[in-house]
Amino acid sequence: MLMTKHRADFDLNRPGALIAALPAVLGFVPEKSLVLVSLQGSELGSVMRADLSGELTDRVEHLAELAAAADPEAAIAVIVDADGAHCPLCNEEYRQLSAALTAALSRREIVLWAAHVVDRIALGGRWHCADGCGSAGAVDDPSTSPLAVAAVLDGRRLYPRRADLTGVIAVDDPERSARLAAALGQQAAAREVAHRADPVGCGRRDVESALAAAARVADGQPLSDEQLAELGCALSDVQVRDTLYALAVGENAGAAETLWAVLTRVLPPPWRVEALVLLAFSAYARGDGPLAGVSLEAALRCEPDHRMAGMLDQALQSGLRPEHIRELAITGYRLARRLGVRLPPRRRFGRAAG
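Procedures and definitions
- Residues numbered from 1 in each chain as written.
- Predicted model: local features only at pLDDT ≥ 70, side-chain atom pairs only at ≥ 80, totals over all residues.
- Heavy atoms only, no water.
- Helix = DSSP H or I, 4+ residues; strand = E, 2+ residues; numbered from the N terminus.
- Contact = heavy atoms within 4.5 Å.
- Disulfide = S-S within 2.5 Å.
- Buried < 20%, exposed > 50% of the residue type's maximum accessible area, 1.4 Å probe, protein only.
- Phe/Tyr/Trp six-rings, centres within 6.5 Å; stacked < 30°, edge-to-face > 60°.

> Help me out: how do you make sense of the side chain of Glu274 in this one?
Within the secondary structure layout, Glu274 lies in helix α11 (residues 271-285). Apart from the residues lying within four places of it in its own chain, the contact partners of Glu274 are Leu235, Arg241 and His306.

As structure tokens, this is what we get:
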């Protein structure tokens, strides 16, 4: 997982503070993980997380390649392992992992400043250096980390585990999704006829339907299978989809993002992909890199060659700031004018969370 840049609102020479900040950066509390934090001046750059496994040492070249995409000056590694942190044999394995990571990063002119092993990222957690240097200490309280406070102020939710974060986009009723596949096929045929007869009118109705559906979902009202099928087919229209990206920067962005999340949990593939990418764009635009990351991961798993998903994923990996991503929404407003649709006005963004 890769996140966008954060100001380092703490002393990078204090491992306990850096480790405590990781849940706010990742969006969840990592367990059994290798977390690689890239550094660029006074900022945290891209932050990557990988599951600890016997094959991880063989994958450090790939991790280093991903880290190099943001062109960082240095990096810090954090190994999170409740069982292995106090196991001498495990620590020997982590010394080897640290050495392999140091060499892979060095080949890309990135210095690994430090590698820490921690048992748990919580108040009372303990860390020590992976190379046996003798340094050790306590983890600060993650809930009082400056980045955690900033995340809460920016409206981002922090999850106890990664599974809780991925649950936001997980299909929650496979049987209903399977039923929708047939309805979507029928709706797609009907929409094709309507689009051939009046492409502009069809696109306008689709965008207006999406706006109405977002308002309905925001009010806690459910969507019928027919409405879901109509929305799923509408998102497959490039002009409609590109128009709807603009909602991420509008005054009703929260309602639109809620709708995209609902669609990711119910639509079957391939229609689900567009909902995932819309959700990712909306999350990225407001600075929620963790949600954007898991959404893009799911989208690219379904459709590896998806152009927008690939572009957003590359931007997230390189640490491109949310304000630059928001500029893409201008195209949506331009398309809306061509369709004769009035979108919610753009809202002003404050301090970026990402």
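There is more to say, and it comes next.
> Before we go on, may I ask you to explain the state of the cysteines in this structure?
Every disulfide links exactly two cysteines, by a covalent bond between their sulfur atoms. Counting across every chain of the model gives one disulfide. Note that Cys129 is cross-linked by a disulfide to Cys133, the S-S spacing being 2.2 Å. Taking the torsion about the S-S bond as the criterion, the Cys129 to Cys133 disulfide, at about -130°, is left-handed. For Cys129, a relative accessible area of 8% translates into the label buried. A relative accessible area of 47% means that Cys133 is categorised as partly exposed.

> Help me out: how do you make sense of unusual backbone geometry in this one?
For residues other than glycine, phi is negative in most cases, and the peptide bonds are mostly trans. Following Pro269, the chain continues into Pro270 via a peptide bond in cis, with omega recorded as 5°. As for its placement among the helices and strands, Pro270 is situated in the loop between α10 (253-266) and α11. Positive phi is not limited to glycine here, since Glu109 has a value of about 60°. When you line up the elements, Glu109 lands in the loop between α3 (88-106) and β5 (111-118).

> What is the right way to look at the packing of aromatic side chains in this model?
Given two aromatic rings, one states the distance between the centres and the angle between the planes to describe the pair. One pass over the full model with this rule turns up one aromatic pair. Taking 5.1 Å as the distance between ring centres and 65° as the angle between the ring planes, the aromatic pair formed by Tyr245 and Phe281 counts as edge-to-face. With Tyr245 in the loop between α9 (238-244) and α10 and Phe281 in helix α11, the pair connects residues that are 36 residues apart, well separated along the chain. This pair shows no difference in class: Tyr245 is buried, exactly as Phe281 is.

> Any chance you could explain helix α13 (residues 307-317) here in plain terms?
Residues separated by three or four positions in an α-helix point in the same direction, a consequence of the helix having 3.6 residues per turn. Those residues of α13 lying buried are Met308, Ala309, Leu312, Asp313, Ala315, Leu316 and Gln317. Buried residues belonging to α13 abut β3 (43-51), α2 (60-68), α11, α12 (289-302) and α14 (322-326). Once α13 finishes, Gly319 follows within two positions and takes phi at roughly 80°, a positive value.

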